[in-house]
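Each chain, letter by letter, is given below.
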Amino acid sequence: MPRANYRTSDVALMARMMRAEAEGEGKQGMLYVGNVIVNRLVANCLDFKGLRSVNQVIFQVQGGNFSFEAVQKGNVFYQRARTSEKRLAKQNLDYWRDHPAKFALWYFNPHAPCPATWYGQPKSGQFKEHCFYEPKPATCDSVYSG
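Treat the numbers as computed from the prediction; the structure is a model and nothing was measured.

*Asks:* Which parts of the structure should I look at to understand the overall build of the protein chain?
*Replies:* Tallying secondary structure elements over the protein chain gives five helices and six strands in all. Secondary structure elements of the protein chain, listed N to C terminal, follow the sequence α-α-α-β-β-α-α-β-β-β-β. What you see for the protein chain is a C-alpha radius of gyration of 14 Å, in line with the 15 Å of a compact globule of 146 residues. Overall, the protein chain is about 35 × 35 × 30 Å in size when its C-alpha atoms are taken along their principal axes. In the protein chain, which comprises 146 residues, the proportion classed as buried is 49%.

Structure representation (structure tokens):
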């Protein structure tokens, strides 16, 4: 049973996002971004209540902007997904999750050392330039089971 329900078009969309956000960090970095996407889809808590599809996660607007920088800027996100990224996206949707993004709902590249918290959420770790953050204890238990 996959971690989340999805269609073929979801795999391609997620693959484009993974490539746009983390291509420079290799396959591992793209898998971590994929973890965050799937975690947001299955969490149904905090800012991510009611998200039912990969499309809704990718195009979610928070604070007047798209949640993902690649969608805001648009230049890299609109490149076609390659077979290799589609394979990685399918892995994420089916089963793959790992630390530091295993339970993360947020990530960003601060272009500096990772802060211990980001918008009050604790850092779960770092991979190359991206810092990952998971919800505070007892605020989003569903992310740990999804």
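*Asks:* What am I meant to see in the packing of helix 2 (residues 26-43) against helix 5 (residues 83-94) here?
*Replies:* Packed helix pairs are characterised by how far apart their axes lie and by the angle those axes make with each other. Running from N to C, helix 2 and helix 5 point in directions that differ by 45°, and their axes come no closer than 9 Å. Classified by the angle between their axes, helix 2 and helix 5 sit oblique to one another. The two elements helix 2 and helix 5 meet at a crossing, and its hand is right-handed. Counted together, Lys 27, Met 30, Leu 31, Gly 34, Asn 35 and Val 38 of helix 2 and Glu 85, Leu 88, Gln 91, Asn 92 and Leu 93 of helix 5 form the full contact between these two elements. Class assignment for the residues of the contact of helix 2 with helix 5 results in five nonpolar, four polar and two charged.

*Asks:* What is the right way to look at the pattern of salt bridges in this model?
*Replies:* Between side chains of opposite charge, a pair can form as their charged atoms come close. All told, the structure shown has six salt bridges when counted by the stated rule. Residues Glu 85 and Arg 82 are paired through a salt bridge, measuring 2.6 Å at the closest nitrogen-oxygen approach. Of the residues examined, Arg 82 reaches a relative accessible area of 32% and is grouped as partly exposed. Among the ionic pairs, Asp 94 bridges to Lys 90, the shortest N-O distance being 2.8 Å. Highlighted residues: Asp 94 and Lys 90, both in helix 5, separated by four residues, approximately one helical turn. Asp 94 gets classed as partly exposed once you look at its relative accessible area, which sits at 22%. Exposure remark for Lys 90: the relative accessible area of 38% places this residue in the partly exposed category. Here the salt bridges share partners, and the residues they tie into one network are Arg 19, Glu 23, Arg 82 and Glu 85.

Cut-off values and rules
- For every chain, the first residue of the written sequence is number 1, and numbering continues from 1 along that sequence.
- A pLDDT threshold of at least 70 governs which residues receive local features in this predicted model, and a stricter bar of 80 or more applies before side-chain atom pairs are shown or counted, although totals over entire chains, interfaces and linings include all residues.
- To obtain the side-chain values, all non-hydrogen atoms of the structure were used and water was disregarded.
- Numbering of helices and strands runs from the N terminus; a helix is a DSSP stretch of H or I covering at least four residues, while a strand is a stretch of E covering at least two.
- For the radius of gyration, the atom set is restricted to C-alpha positions; the globular benchmark scales as 2.2 Å times the number of residues to the power 0.38.
- Here the term buried applies to any residue with accessible area under 20% of the maximum for its type, exposed to any over 50%, and partly exposed to those in between, with areas from a 1.4 Å probe on protein chains only.
- Where helices are involved, their axes are fitted lines through C-alpha atoms of the stretch in contact, as for all axes, and angles between N-to-C directions lie from 0 to 180°.
- An angle counts as roughly parallel when it lies under 35 degrees, as roughly antiparallel when it exceeds 145, as roughly perpendicular when it falls between 65 and 115, and as oblique in every other case.
- Two helices cross in a left-handed way if the nearer one is turned anticlockwise from the farther one by less than a right angle. They cross in a right-handed way if the turn is clockwise.
- In what follows, a contact means two residues having at least one pair of non-hydrogen atoms within 4.5 Å.
- When residue character is reported, Ala, Val, Leu, Ile, Met, Phe, Trp, Tyr, Cys and Pro are called nonpolar, Asp, Glu, Lys and Arg charged, and the others, Gly included, polar.
- Should a side-chain nitrogen of Lys or Arg be within 4 Å of a carboxyl oxygen of Asp or Glu, the pair is scored as a salt bridge.

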